[in-house]
Amino acid sequence: MPHRLDLPAGFRWGASTAAHQIEGAVDEDGRGPSVWDTFAARPSTVRDGHTGAVACDHYHRYPEDIALMKGLGLDGYRFSVAWPRIRPTGEGAVNPAGLDFYDRLVDALLAAGITPLPTLFHWDLPQTLEDAGGWLNRDTAYRFAEYTAIVADRLGDRVPAWITLNEPFVHMVYGYALGIHAPGRALMLDALPVAHHQLLAHGLAAAALHERGLDVLIANNLTPVWPASSADADLAAAQAYDVLHNRLFTDPLLLGRYPDLSAYGVGPDLGGSVHDGDLKLITATPLDGLGVNYYNPTRIAAPTEPGLPFAEAPIEGVPRTAFDWPVVPDGLRELLTGLRDRYGAALPPVTITENGCSTTEELDDTFRIDYLAGHLDALAAAVAQGVDVRGYYTWSLLDNYEWAEGYHQRFGLVHVDFETQQRTPKASYAWYRDLIAVHRARNVKRGW
Ligand code: IFM
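The text that follows walks through the structure, step by step, so that each part is easy to find. (Residues numbered from 1 in each chain as written. Predicted model: local features only at pLDDT ≥ 70, side-chain atom pairs only at ≥ 80, totals over all residues. Heavy atoms only, no water.)

Remarks on unusual backbone geometry
Stage number 1. In this chain, Ala182 is followed by Pro183 through a cis amide linkage whose omega measures 5°.
Stage number 2. Examined against the element boundaries, Pro183 turns out to sit in the loop between helix H8 (168-177) and helix H9 (192-211).
Stage number 3. The omega angle of the peptide bond from Trp395 to Ser396 is 20°, so this bond is cis rather than trans.
Stage number 4. Examined against the element boundaries, Ser396 turns out to sit in the loop between strand E11 (389-395) and strand E12 (414-416).
Stage number 5. The backbone phi angle of Trp123 is positive, close to 85°, even though this residue is not glycine.
Stage number 6. In this structure, Trp123 sits in the loop between strand E3 (115-121) and helix H6 (127-131). (Helix = DSSP H or I, 4+ residues; strand = E, 2+ residues; numbered from the N terminus.)

Focus: the sheet that holds strand E5 (residues 215-221)
Stage number 1. A barrel is described by the order of its strands in space; here eight strands give the closed sequence E1-E2-E3-E4-E5-E7-E10-E11, paired in parallel fashion. Neighbour-to-neighbour, the strand axes of the sheet open up by a mean angle of 25°, direction not taken into account.
Stage number 2. Both strand E1 (residues 12-16) and strand E2 (residues 76-80) contribute to a ladder of three bridges, which runs parallel. Bridge pairing in E2 places Gly14 opposite Gly76.
Stage number 3. The sheet strands contacting H9 are E3, strand E4 (161-166) and E5, and the helix crosses E4 at an angle near 170°. (Pairing = 2+ DSSP bridges. Axes fitted to C-alpha atoms, helices over the stretch in contact; angles between N-to-C directions. Contact = heavy atoms within 4.5 Å.)

Quick word on the site of the ligand
Stage number 1. The ligand sits among Gln21, His122, Trp123, Asn166, Glu167, Tyr295, Trp325, Glu354, Trp395, Glu402, Trp403 and Phe411.
Stage number 2. Contacts to the ligand include Glu354, whose side-chain N or O atom sits 2.5 Å from a nitrogen atom.
Stage number 3. Within the side chain of Trp403, an N or O atom sits 2.8 Å from an oxygen atom of the ligand.
Stage number 4. With the chains in place, 95% of the 280 Å² that the ligand exposes on its own is no longer accessible.
Stage number 5. Residues that form the shell around the ligand fall into these classes: six nonpolar, three polar and three charged. (Near = heavy atom within 4 Å. Polar contact = N/O pair within 3.5 Å; in protein donor to acceptor, adjacent residues only side chain to side chain. Areas by Shrake-Rupley, 256 points an atom, 1.4 Å probe, with all protein chains shown as cover. Nonpolar A, V, L, I, M, F, W, Y, C, P; charged D, E, K, R; others polar.)

Let's talk about the pattern of salt bridges
Stage number 1. In this structure the tally under the stated criterion is 30 salt bridges.
Stage number 2. Residue Asp57 pairs with Arg61 through a salt bridge whose shortest N-O separation is 2.9 Å.
Stage number 3. One salt bridge in this structure joins Asp100 and Arg154, with 2.7 Å as the shortest N-O distance. Of this pair, Asp100 sits in helix H5 (residues 96-111) while Arg154 sits in helix H7 (residues 139-155), and the two are 54 residues apart along the sequence. (Salt bridge = Lys/Arg side-chain N within 4 Å of Asp/Glu carboxyl O.)

Observations concerning the sheet that holds strand E9 (residues 311-313)
Stage number 1. With mixed pairing, three strands are arranged side by side in an open sheet as E6-E8-E9. Two strands bound the open sheet, and with one partner strand each, they are strand E6 (225-227) and E9. When the angles between neighbouring strand axes are averaged without regard to direction, this sheet yields 45°.
Stage number 2. The pairing of E6 with strand E8 (residues 298-301) spans three bridges and is parallel. Paired with Pro227 across the strands is Ile300, a residue of E8.

Section: a nonpolar patch on the surface
Stage number 1. A cluster of nonpolar side chains, namely Tyr174, Leu178, Ile180 and Met188, defines an oily patch on the protein surface of about 340 Å² accessible area.
Stage number 2. By secondary structure assignment, the location of Tyr174 is in helix H8. (Patch = residues over 30% accessible without salt bridge, like charges linked within 9 Å, V, L, I, M, F, W, Y side chains within 5 Å.)

Quick word on the packing of H7 against H9
Stage number 1. The geometry of H7 relative to H9 is characterised by a closest axis approach of 8 Å and an angle of 30° between their N-to-C directions. For the element pair H7 / H9, the angle class is roughly parallel. As for the relative orientation of H7 and H9, their crossing is right-handed in sense. Within the contact between the two elements, H7 uses Ala141, Tyr142, Phe144, Ala145, Thr148 and Ala152 and H9 uses His197, Leu200, Ala201, Leu204, Ala205 and Leu209.
Stage number 2. Grouping the amino acids of the contact of H7 with H9 by side-chain chemistry returns ten nonpolar, two polar and no charged. (Parallel < 35°, antiparallel > 145°, perpendicular 65-115°, else oblique. Left-handed = near helix turned anticlockwise from the far one by under 90°.)

Observations concerning the packing of helix H13 (residues 330-343) against helix H14 (residues 366-384)
Stage number 1. Contact pair H13 / H14: the axes reach a minimum separation of 7 Å and the direction vectors enclose 30°. Taken as axis vectors, H13 and H14 run roughly parallel relative to one another. Judged by the twist between their axes, the crossing of H13 over H14 is right-handed. Facing Asp330, Leu332, Arg333, Leu336 and Thr337 of H13, the residues of H14 in contact are His375, Ala378, Leu379, Ala381 and Ala382.

What about the packing of aromatic side chains?
Stage number 1. The final tally for this structure, using the stated rule, is 27 aromatic pairs.
Stage number 2. With a centroid separation of 6.3 Å and 90° between ring planes, the pair formed by Trp36 and Tyr401 is classed as edge-to-face. A residue pair is termed long-range when its members are at least 10 positions apart, and Trp36 in helix H2 (residues 35-41) and Tyr401 in the loop between E11 and E12 qualify at 365 residues.
Stage number 3. According to the relative accessible area criterion, Tyr401 is buried, its value standing at 0%. (Phe/Tyr/Trp six-rings, centres within 6.5 Å; stacked < 30°, edge-to-face > 60°. Buried < 20%, exposed > 50% of the residue type's maximum accessible area, 1.4 Å probe, protein only.)

Section: the side chain of Asn355
Stage number 1. Positionally, Asn355 belongs in the loop between strand E10 (350-354) and H14.
Stage number 2. Residue class for Asn355 comes out buried when judged on its relative accessible area of 0%.
Stage number 3. Side-chain polar atoms of Asn355 contact the backbone oxygen of Tyr294, separated by 2.8 Å.
Stage number 4. Beyond its immediate chain neighbours, meaning those up to four positions away, Asn355 contacts Tyr294, Tyr295, Tyr371, Leu372, His375, Tyr392, Tyr393, Thr394 and Trp395.

Some thoughts on the pairing of E8
Stage number 1. Here E8 pairs with E9 via three bridges, running antiparallel. Along E9, the bridge assignment pairs Ile300 with Glu312.

Details of H8
Stage number 1. Counted residue by residue, H8 has nine buried out of ten residues, so it is predominantly covered.
Stage number 2. Residues of H8 that are buried include every one of Pro168, Phe169, Val170, His171, Met172, Val173, Gly175, Tyr176 and Ala177, and no others.
Stage number 3. For H8, the elements touching its buried residues are E3, H6, E4, H9, E5 and helix H10 (232-247).
Stage number 4. Two residues or fewer after H8 comes Gly179, characterised by a positive phi angle close to 75°.

If you want it as structure tokens, here you go:
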């Protein structure tokens, strides 16, 4: 069994966060409201009414957080840019103070020897754009491309690679189909145009980034899909789920076509949202890398009631995180080799842009260490089986605002006391730091 220390020389070690989950300062320096401010202010949306108003106060404490990253020896830091800080209403005037914040952040990262890897959209859409239809409105894609160009013009001289969107699948399903995330729309299959408009936004933004000589990635949440049995009905249900979760956002990018959505009663124009030339535009700028966010596999059975063509079935007999997610490290190897088999030469180099777990442990987080060790060994196995994986960004650097769960799910290598904002590195912080150092030293020695 390959070991995580066998990961190749030059493999990049990182950690991930997202703007609304850590920054706070939602009313400062001209930031406009986002869908998450509006959603969290509504009763019964977020557990215990928690909001991202303060979060980890990273907006003010970023130098301390970068010192923590430097202590880990990170090669890269994945963060997201808050669109409502840059263009408070999503269009029109640019807010210079918003750009200044990310300028300072980028300079401080570079001074610490850490390469910034920004994500341009991690779910915090300016509220005014949502009022005009949000991602159901095709125009949002064009506004996203404009915003991308504004940010890239300011930071592109120092930031080589960019992630356009984070987990467009999760955003569509949780935000627009089920309504358990902002903007809280429960449209079920009528949410599908959100998929196409996000992909269109990616394509337009990717062109703007490439025009400026910058590399382009997207971070897709992907899962191995396990049929509950070998019965035909379960196999068909698993296939339908795979189409929705894994292929809807990856096939158009890598193959230039949507997968067959007939199990959902939907044609190839996704409810009329796909216009002539759109798919060409989405693939015109090839991805320089595919970001993969992996947390767990999904077990799928035939539906027991009318509606969707699948039902989720439990995965038994494995450890579970505080979020009750099953822990299956080898699922990461299975996912990556499966991607390679499915897409072949069309698959660009992969970077794991998120992987981690929430635990109830305070500082002695041995559960997280076991989780990370298992997943990194599985990653090394995928590499040994021929998948080109360039880096690993753990989720997350800090305990933070876990969306509808508020501050209840702690994913960080660093504990945050949300009353005092005191940061305390957990045992997993020391473990990750040592792993990075030994991996680096081992490869230096081999180079001699
Ligand atoms: O916190 C989220 C992140 O914003 C997106 N991917 C999954 C993480 C854990 O739920």
